[in-house]
Amino acid sequence: MKEILTNNSAETQQLAAQIAALVHPGLVITLQGDLGAGKTTFTQGFARELGVQSRVKSPTFNIMNTYTAREFPIYHFDAYRLEETGAQDQGFEDYVGTDGVTLIEWPQFMADLLPNDRLALTFLRGNDDHVRTIRIQGIGAAAQVEAQL
Ligand code: ADP
Ligand code: MG
């Protein structure tokens, strides 16, 4: 497990860009943390580094957005609204861990669909408005990504 402190959203996006340079298609990245913790901000920096030009915003209402990056698609989930319904029977299996890189906000609401091998990020907010502690844990094969940070 690694723990990194960021002092503003630009630093969170820099960390995201650093991680983006290490990923491969099929990787799943879970982003845990409360509302406003920085999950979408991270995804913006991540997608930009991989060549996404359109604006990345939280897919709260449609659950998933797909972005075209240079080398593979990016699937961005916000599972918050699945708390009540569950994640079954919606075809998400066709995306998670397949041909692209998948980032999942609120992964606890898609627990059944998460592969064991994944890069698990946790965003923690302290008393200061702009400081975030970001915990990074590479599980299974994703340990290789964590080791390079
Ligand atoms: P989430 O997707 O987790 O709900 P967002 O990324 O949408 O959170 O929002 C995070 C908010 O916090 C943004 O307004 C961002 O500018 C602000 N912020 C302040 N400091 C940081 C930081 N260190 N990292 C990320 N976001 C930060
Ligand atoms: Mg969000």
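These numbers come from a predicted model, not from an experiment.

Engineer: Quick question: what am I supposed to make of the site of ligand 1 here?
Structural biologist: Contacts to ligand 1 come from 17 residues, most closely from T12, G38, K39, T40 and T41. Breaking the shell around ligand 1 down by element, the ones donating at least two residues are α1 (9-20) and α2 (39-49). A per-class count over the shell around ligand 1 returns 2 nonpolar, 11 polar and 4 charged.

Engineer: Help me understand the pairing of strand β2 (residues 28-32) in this model?
Structural biologist: Within β2, 4 of the 5 residues are buried, which leaves the element mostly enclosed by the surrounding structure. Pairing of β2 with strand β5 (residues 101-105) involves 4 bridges; the strand directions are parallel. Paired with L31 across the strands is E105, a residue of β5. The sheet contact formed by β2 and strand β6 (residues 118-125) spans 4 bridges and is parallel.

Engineer: What am I meant to see in the sheet that holds strand β3 (residues 64-68) here?
Structural biologist: Each strand in a sheet pairs with its neighbour through backbone hydrogen bonds, running either in the same direction (parallel) or in the opposite one (antiparallel). Taken together, 7 strands build an open sheet; the order of strands is β1-β7-β6-β2-β5-β4-β3 and the sheet is mixed. Only two strands of the sheet have a single neighbouring strand rather than two, namely β1 (2-6) and β3. The average angle at which neighbouring strand axes cross in this sheet is 20 degrees, direction not considered. Strand direction decides the pairing type here: β1 and strand β7 (residues 132-139), joined by 5 bridges, are antiparallel. Looking across to β7, one finds that L5 is bridged to T133. Those strands touched by α1 are β1 and β7, and its axis lies near 145 degrees from that of β1.

Engineer: Help me understand the packing of α1 against α2 in this model?
Structural biologist: Packed helices, taken two at a time, are described by the angle between their axes plus the distance between the axes. It is the contact of α1 with α2, at a shortest axis distance of 7 Å, that shows an interaxial angle of 45 degrees. Here α1 lies oblique to α2, going by the angle between them. For the element pair α1 and α2, the recorded crossing hand is right-handed. Facing S9, T12, Q13, Q14, A16, A17, I19 and A20 of α1, the residues of α2 in contact are T41, F42, Q44, G45, F46 and E49. For the contact of α1 with α2, the residue count by class is 6 nonpolar, 7 polar and 1 charged.

About the criteria used
Residues numbered from 1 in each chain as written. Chains lettered and ligands numbered in written order. Predicted model: local features only at pLDDT ≥ 70, side-chain atom pairs only at ≥ 80, totals over all residues. Near = placed C-beta within 6 Å. Helix = DSSP H or I, 4+ residues; strand = E, 2+ residues; numbered from the N terminus. Nonpolar A, V, L, I, M, F, W, Y, C, P; charged D, E, K, R; others polar. Buried ≥ 20, exposed ≤ 12 C-beta atoms within 10 Å, placed from the backbone. Pairing = 2+ DSSP bridges. Axes fitted to C-alpha atoms, helices over the stretch in contact; angles between N-to-C directions. Contact = placed C-beta atoms within 7 Å. Parallel < 35°, antiparallel > 145°, perpendicular 65-115°, else oblique. Left-handed = near helix turned anticlockwise from the far one by under 90°.

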